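# Residue-level structural notes
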Amino acid sequence: MLRKIAYAALTSLLVACAPSMSVSDGTSIQGTASPSTSPSNTASATPSPTPSQSTTPLQECSAIEPPPGSWPAIAQAALQELITRYQDHCSRVADFDYYFSLPPDLTDKQKEAVIRWYTDALRSATRVYGDLLYSDKPIAIFYKTSAQEMCDDLLDFLTAEKASSRALESVRSMEWACAPTSDWDAVYDAPGYGASVLRAESPGYDFIIVNMGNAAELKTKDPYEALMPTFQTPSHELFHLAQAANRSQGATLWWAEGGASYVGHMTAAMQGMVSYAKARNDSLVAYACGEIVRNGKSGPPSISALSGWWEQADGKWWNGMAYQLGALASEYVLGTYGWQKFFTWASNFEGKEYAYLEARSLSTFGITLDRLHRDIDEYLKTTIGLDQC
């Protein structure tokens, strides 16, 4: 089945780049776009899609490099779980619509490089867990260069798409959009640095991934290279949508942000954007070790400290490595118990109390949540303890 995807523009300054995409197995599920489709420039006052059909052949399923033999057995097993899902669903291709604000003087090749970077970053992730989004609609991906622009363009877009009043109100109250704070203003200083997700709740879209960046920096060097420091961000945010679909996103900081961080790093490495060593050894292990040493600690905190949400991390010495701690905790759970239990243990947590997770740990893993935390702690000590760092 070949699905027509629109090229669209929100304002006279907006460049919308939306390659046509297809689903090779005949089903309407999320997947990956062809990076070879050239972007198109259009301009209009309101979103007015023009169908465009791609003739690009479907991507062949490529072989994935196996986990490094030097890694701990649990780390190898965790990555193999992702590889297995990729191989089981490798015919899945993407369903994304791109709404980007890019400098008007970027060349066509530079614009194509931006799209190709996002496409590459999402390809493996889509094959690994795109089916868990439970949506047959495309995902809108926004790239904006200021909070004001994000606010105006998202509100215009959601209004035109007949989104729910709740979705519109969420944008009006968001710190990265219509109610900016200094912290979120800062994420617009680097290309692709900040990102978040929201429910569109419209006839055409269930989800939107929003990316904040300084598009001017895309002109200073190759855009693909400029975006590479945030190689895990697109697939990280896509995993948040999978968590939202099974109502588990708020179930502890280590699971919500750590789970997204782990699969974000590993699926980007599976795609070949970075090496496994860069994704895990450098970005997760070495970074956490650096924070432990910098703070004069003998090892990581107990993972139970990350059982709450961000407000409980404020002022803590480990605040700067919460993503890495959660990622390695998620690696332990995934490598020990497998994908199904890893992904579903916190399902339907939304709106429930912490005691719900206690019961879910017993029913899913066969152990108390306290025991799970202690097991994770032991793994973290052997991975990022002072002797290892």
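Residues numbered from 1 in each chain as written. Predicted model: local features only at pLDDT ≥ 70, side-chain atom pairs only at ≥ 80, totals over all residues. Heavy atoms only, no water.

Turning to helix H2 (residues 108–129), a few remarks are in order. Because an α-helix completes one turn every 3.6 residues, residues spaced three or four positions apart along the sequence face the same direction. Over its 22 residues, H2 runs 31 Å from end to end, which matches the ideal 32 Å to within 8%, given 1.5 Å per residue. Maximal helix bending in H2 amounts to about 30°, located at Leu-122. (Helix = DSSP H or I, 4+ residues; strand = E, 2+ residues; numbered from the N terminus. Expected span 1.5 Å × (residues − 1). Bend = angle between axes of the 7 residues up to and from the residue.)

Below, the discussion takes up the confidence of the model for the protein chain. Averaged over every residue, the pLDDT of the protein chain is 82; residues scoring 70 or more account for 85%. Least confident of the elements in the protein chain is strand S1 (residues 2–3), whose mean pLDDT is 20; most confident is helix H12 (residues 339–344), at 98. Here residues 1–58 scores under 50 on pLDDT; set against residues more than four positions off or in separate chains, the count is 166 contacts. (pLDDT = per-residue confidence, 0-100. Contact = heavy atoms within 4.5 Å.)

If you walk through the whole model with that rule in mind, you get two disulfides. Between the sulfur of Cys-151 and that of Cys-178 lies a disulfide, 1.9 Å long from S to S. One quick way to see it: the torsion about the S-S bond of Cys-151 and Cys-178 is about 95°, and its sign makes the bridge right-handed. Highlighted residues: Cys-151 in helix H3 (residues 147–160) and Cys-178 in the loop between helix H4 (165–173) and helix H5 (182–186), separated in sequence by 27 residues. On the accessibility criterion, Cys-178 (24% relative accessible area) is partly exposed. Residue pairing for Cys-289: its cysteine sulfur links by disulfide to Cys-389, the two sulfurs lying 2.0 Å apart. Looking down the S-S bond of the Cys-289 and Cys-389 bridge, the torsion is -70°, so its handedness is left-handed. With Cys-289 in helix H9 (residues 276–294) and Cys-389 in the segment after helix H14 (369–384), this residue pair connects regions lying 100 residues apart in the sequence. (Disulfide = S-S within 2.5 Å. Buried < 20%, exposed > 50% of the residue type's maximum accessible area, 1.4 Å probe, protein only.)

In this structure, Tyr-129, Leu-238, Phe-239, Trp-254 and Trp-339 are the most contacted members of the largest nonpolar core, which totals 92 residues. Listed in part, the 24 residues of the second largest apolar core include Leu-168, Val-171, Ala-200 and Ile-208. (Core = buried A, V, L, I, M, F, W, Y, C linked by side-chain atoms within 4.5 Å.)

Should their charged atoms come close, side chains of opposite charge can pair. What the rule picks out here adds up to 14 salt bridges. In this structure, the salt-bridge partner of Lys-144 is Asp-153, at a minimum N-O distance of 3.1 Å. Here Lys-144 matches Asp-153 in class, with each residue buried. With a shortest N-O distance of 2.9 Å, Arg-371 and Asp-375 are connected by a salt bridge. With Arg-371 and Asp-375 both in helix H14, this residue pair falls four residues apart, about one helical turn. Given the relative accessible area of 38%, Arg-371 is considered partly exposed. (Salt bridge = Lys/Arg side-chain N within 4 Å of Asp/Glu carboxyl O.)

Further remarks concern the pairing of strand S7 (residues 139–144). With six of its six residues buried, S7 lies for the most part within the structure. Where strand S6 (residues 96–100) lies against S7, five bridges are found, and the strand directions are parallel. Within the sheet, the bridge partner assigned to Tyr-98 lies in S7 and is Ile-141. In this view, the connection linking S6 to its parallel neighbour S7 by way of H2 has left-handed handedness. Here S7 pairs with strand S9 (residues 207–212) via five bridges, running parallel. (Pairing = 2+ DSSP bridges. Right-handed = clockwise from strand over helix to strand, strands pointing away.)

Examined against the element boundaries, His-240 turns out to sit in helix H7 (residues 233–245). At 3.2 Å, the side chain of His-240 and the side chain of Glu-257 are in polar contact. (Polar contact = N/O pair within 3.5 Å; in protein donor to acceptor, adjacent residues only side chain to side chain.)

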